[in-house]
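# Summary of the model geometry
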Amino acid sequence: MSVMRFVGANSREAMRQVRAALGDEALILANRHTEQGVEILAMAESAATDGNADIGSPPRPGEPSSPPAAVPATPASPDPAQAFEAMSARLLEEMRDMRALLSRERSQSQSTGTLGEQLVLTMLEAGFGQALAEEVVSALPEELALTTAMDERALAWLARQLARRLSGLDDEAAFMDRTGIVALIGPTGVGKTTTTAKLAARYVMRHGTRPVALVTTDSFRIGAHEQLRIYSRLLDVPMYALNADQPVSDLLGRMKGKSWIIIDTVGMSQRDHRVIEQVSHLHGGDSPVRLVLLLNAASQPETLEEVVVRYRQAAQAAGGELHDCIITKQDEAGRLAPVLDIVMRHGLRLLFVSHGQRVPEDMALAEPDALIERALADRAPLASPAARQAAEPAARSPGNLMGQGRRLAAVLQALRQRLPGFEHLEEVWNLLGLPSSIQQQRLEQLLADYPRAGQALGMIWSDRRRVPGENWSMPDVALSPEGTWLALPLLQHRQVAGQQARLEAARELYDIDVHLLNGLPDGESGEWLERQQSSWCSQVRGSQRIEYAGERRTLASLVDVGEAVGEVRCRFRGAPGRLDLSTLPISVTLKGSRRDQQCLVARAWLGEVRDEESGKVLSKRYWITPARLGREPQPLLLTLLQGDVLPQLARRAWQRLDPAELGELRADQRLLMASGLATVAAHLDLAEDEAAMDLRAELLGLASGRRRRRDVALLESLVQLFLVRDAIRHLGLGERETG
């Protein structure tokens, strides 16, 4: 029996060595992390009954870790029994080490769990509910999910996710400068009268006393009128009394000239059937009333849930809507998470947070980041082991419909903010279902103003040939001033003929001055680019002939000649990789349309794309740039390299967008939709910032199915996102038409 030890930089490399030496049927006896990497003890299954045992020794420092040969653990002995006894003792020791390692790992796993479980537990300890916790953690990025460490990065991600779900006012003026009637509603004792005074004080500080008025409908509570009247005198604004069964319109004639009217309604239990009547009277007048629900931070979660549900039902029954809320009595609450959980799950917009009786000092604009930070800081151990067991991986729960709807809306909004041109892509999708003639007319109007002035700085000019297997060519992709791909590409057949004419039109129409080309420019285009001093880069084949050191050579033959300039991290075909670059000065001949030739002083760039883990060469690439750009065009090279995937993704999206399922669909519209999805998916796969990581995880969390290459999985998720968006949109249109 032969036990061998393998050491690799990571587990994948170590397992590759095991398979190479012992085959797929190898028995893994133990593995552990060492200073040299990952160590695996393995043996061939076919040798399990072999009595002649050799134990492999580890490679010496500096020696290659390629599949080692079995090395005897002890010198050969003339006594087979002694050799077998020594081997048995050594093997027993290794097995004990393996059991100890497995025991430690099992103990650690039981005590901490996966990172997803730890994050769910953290939210539960803060007071957030199970449903929200699972919804949030279901979008845990793969970059974090592979670790079990609850570190600052993981907590920062959790805080970002919660803050993003807590909708507030970007600016107080968005609420305070909008004229009209605001009615504060909520149960008895929630603090409506005091909050009315605080809001009125803020209005007065912004707009003066003349346009502000207070209204009370509370004729049941002793002293309610008098309390609000005291505030009205202090603020020097008039106060009016309205019976609970009177519509607001009865007072409007007496309040002419008042632009900001605040109504302090009578407090009612959420279970009181008169809640609907109360809200109905608020909406009985001709002037629309903005309803703001007050939520007591010190209330029990079950009570808060019932308050929101019942008051929203009342607003809907009365023909109104309830979207805004204010949290009161924060200073009396032991924890803030329960009320924030309610606000987030129901998609309410949190305007202000009240934390005391002073008017107007003890009320502040809601700041999601600060509120979430405080909520997560107030954690307490769960009361029972059973409660801890509730913190299960979120992947086991599909989430509720409301949560899915919020996530979909949040993803769409994030894509609009992140990717220029995404709203244009949405407008192209909006043409689905329209007659072909209307599709054509509206598409022409949409594309006539795209890209807008200043929206594009560069262009990736796609290959003018057809994509293999299809009858269309990949559209050209514009680049924003920040280097981001515009979400909606530009159809080739809508552009003028001739390379130089296209370059000139792009400069004239869109002020584009950076050109990324497939193949060298022709002679006329090259002259024009040099006259304009434009930045350009051509991706060429290794067979491209150039002049180097007085000889005519192919670029592929110069791989060992170039000067190394370093390594660039990249993604290639949906996986992480490294681009090893070298460069050398050359001259190249540009062919003209009349067979005349122009010699251009240039610089060649030679690249090898390697797998990040194994170091295996995946592809070789070659680029040519004008010599005047010097040695700093790596961003251009990388953009061209990573744009290679766009035709493949566009083809996959084209096949997914079946007219038989989507309805009448013009070919040019279908191509715009497909190439737009490809551009968005590729951008999200390539981006490395935290916001992209979060958005990527949210998007992938909306879809399910077998594991795919990440860019392909993102593409499939985007298709699903748009299909669901359209279904909701069409349902909404149907409701309005029938209503």
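Our subject in this report is the structure included herewith. Because the structure is predicted, anything quoted here is derived from the model rather than measured. (Residues numbered from 1 in each chain as written. Predicted model: local features only at pLDDT ≥ 70, side-chain atom pairs only at ≥ 80, totals over all residues. Heavy atoms only, no water.)

### What about the overall build of the chain?
- Along its length, the chain carries 26 helices and 23 strands.
- For the chain, long-range pairs separated by at least 24 residues make up 69% of all intrachain contacts whose partners lie at least 6 apart in sequence.
- For the chain, the computed accessible surface area is about 35,600 Å², with 49% contributed by carbon and sulfur atoms. (Helix = DSSP H or I, 4+ residues; strand = E, 2+ residues; numbered from the N terminus. Contact = heavy atoms within 4.5 Å. Areas by Shrake-Rupley, 256 points an atom, 1.4 Å probe, with all protein chains shown as cover.)

### Comments concerning the packing of helix α19 (residues 499–510) against helix α20 (residues 523–532)
- In contact at an axis separation of 8 Å, α19 and α20 are set at 30 degrees when each is read in the N-to-C sense. Compared by their axis directions, α19 and α20 come out roughly parallel. When the axes of α19 and α20 are compared, the crossing they make is right-handed. In this structure, α19 contributes Gln-499, Gln-500, Leu-503, Glu-504 and Arg-507 to the contact, and α20 contributes Glu-524, Ser-525, Trp-528, Leu-529, Arg-531 and Gln-532.
- Residues that form the contact of α19 with α20 fall into these classes: three nonpolar, four polar and four charged. (Axes fitted to C-alpha atoms, helices over the stretch in contact; angles between N-to-C directions. Parallel < 35°, antiparallel > 145°, perpendicular 65-115°, else oblique. Left-handed = near helix turned anticlockwise from the far one by under 90°. Nonpolar A, V, L, I, M, F, W, Y, C, P; charged D, E, K, R; others polar.)

### Some words on the environment of Ala-380
- Tracing the chain through its elements places Ala-380 in the loop between α14 (368–377) and α15 (385–389).
- On the basis of relative accessible area, Ala-380 is assigned to the partly exposed category, the value being 35%.
- A C-alpha to C-alpha distance of 9.8 Å links Ala-380 and Arg-335, two positions 45 residues apart in sequence. (Buried < 20%, exposed > 50% of the residue type's maximum accessible area, 1.4 Å probe, protein only.)

### Notes on the packing of aromatic side chains
- One pass over the full model with this rule turns up five aromatic pairs.
- For the ring pair Phe-422 and Phe-722, a centre distance of 5.8 Å and an interplane angle of 45 degrees mean the geometry is tilted. Of this pair, Phe-422 sits in helix α17 (residues 422–429) while Phe-722 sits in helix α26 (residues 710–738), and the two are 300 residues apart along the sequence. Side by side, Phe-422 and Phe-722 carry an identical accessibility label, which is buried.
- Ring-pair connections join several aromatic residues into one group, and the members of that group are Phe-422, Trp-429 and Phe-722.
- The residue whose ring lies beneath Arg-670 is Trp-654, and the NZ or CZ to ring-centre distance is 3.9 Å. (Phe/Tyr/Trp six-rings, centres within 6.5 Å; stacked < 30°, edge-to-face > 60°. Lys NZ or Arg CZ within 6 Å of the ring centre and 35° of its normal.)

### Focus on the packing of α17 against helix α24 (residues 667–686)
- One can describe the packing of α17 onto α24 by two numbers: an axis separation of 10 Å at closest approach and a directional angle of 145 degrees. Crossing of α17 against α24: the hand is left-handed. Here α17 contributes Phe-422, Leu-425, Val-428 and Trp-429 to the contact with α24, which in turn contributes Gln-669, Leu-672, Met-673, Gly-676, Leu-677 and Val-680.
- Across the contact of α17 with α24, the residue classes tally to eight nonpolar, two polar and no charged.

### Some remarks on the environment of Leu-140
- Its place among the elements puts Leu-140 in the loop between α4 (130–137) and α5 (142–145).
- Assessed through its relative accessible area of 17%, Leu-140 is described here as buried.
- Separated by 556 residues in sequence, Leu-140 and Arg-696 place their C-alpha atoms 9.6 Å apart.
- Excluding anything up to four places from it in sequence, Leu-140 contacts Leu-115, Gly-116, Leu-119, Ala-145, Trp-157 and Ala-697.

### A few points about the pattern of salt bridges
- Enumeration according to the criterion identifies 42 salt bridges in this entry.
- Salt-bridge contacts for Asp-341 lead to Arg-345; the nearest nitrogen and oxygen are separated by 2.6 Å. Residue Asp-341 and its partner Arg-345 are both found in helix α13 (residues 337–345); the two are separated by four residues, about one turn of the helix.
- Its salt-bridge partner being Arg-710, residue Asp-685 comes within 2.8 Å of it at the nearest N-O pair. With Asp-685 in helix α24 and Arg-710 in helix α26, the pair connects residues that are 25 residues apart, well separated along the chain. (Salt bridge = Lys/Arg side-chain N within 4 Å of Asp/Glu carboxyl O.)

### Side note on helix α6 (residues 152–165)
- In this model, α6 (14 residues) spans 20 Å end to end at C-alpha, consistent with the 20 Å of a helix rising 1.5 Å per residue.
- Every buried residue of α6 is accounted for by Ala-154, Trp-157, Leu-158, Gln-161, Leu-162, Ala-163 and Arg-165. (Expected span 1.5 Å × (residues − 1).)

### Some thoughts on the side chain of Asp-726
- Among the structural elements, Asp-726 can be located in helix α26.
- Among the residues examined, Asp-726 registers a relative accessible area of 5% and is labelled buried.
- A polar side-chain atom of Asp-726 sits 2.7 Å from a polar atom in the side chain of Arg-725.
- With residues near it in sequence (within four places) discarded, Asp-726 still touches Trp-429 and Leu-432. (Polar contact = N/O pair within 3.5 Å; in protein donor to acceptor, adjacent residues only side chain to side chain.)

### Some remarks on the nonpolar core
- Within the largest apolar cluster, 97 residues are counted, with the highest numbers of intra-cluster contacts made by Leu-415, Phe-422, Trp-623, Leu-677 and Val-680.
- If you tally residues by element for this core, the top one is α24, at eleven residues.
- Among all residues touching Phe-422, those that are not within four sequence positions of it are Leu-412, Leu-415, Arg-416, Ala-487, Val-680 and Phe-722.
- The next biggest cluster of nonpolar side chains, apart from the first, holds 59 residues, and it includes Ala-133, Leu-140, Leu-162 and Ala-366. (Core = buried A, V, L, I, M, F, W, Y, C linked by side-chain atoms within 4.5 Å.)

### Points about the pairing of strand β9 (residues 260–264)
- In terms of residue burial, β9 counts as a mostly covered element, since five of its five residues are buried.
- Neither face of β9 is left uncovered, since the one carrying Trp-260, Ile-262 and Asp-264 and the one carrying Ile-261 and Ile-263 both have all their residues buried.
- Across five bridges, strand β6 (residues 180–185) lies against β9 in parallel orientation. Residue Leu-184 lies in a different strand from β9, and its bridge partner there is Asp-264.
- In terms of strand pairing, strand β7 (residues 212–216) meets β9 through five bridges, oriented parallel. (Pairing = 2+ DSSP bridges.)

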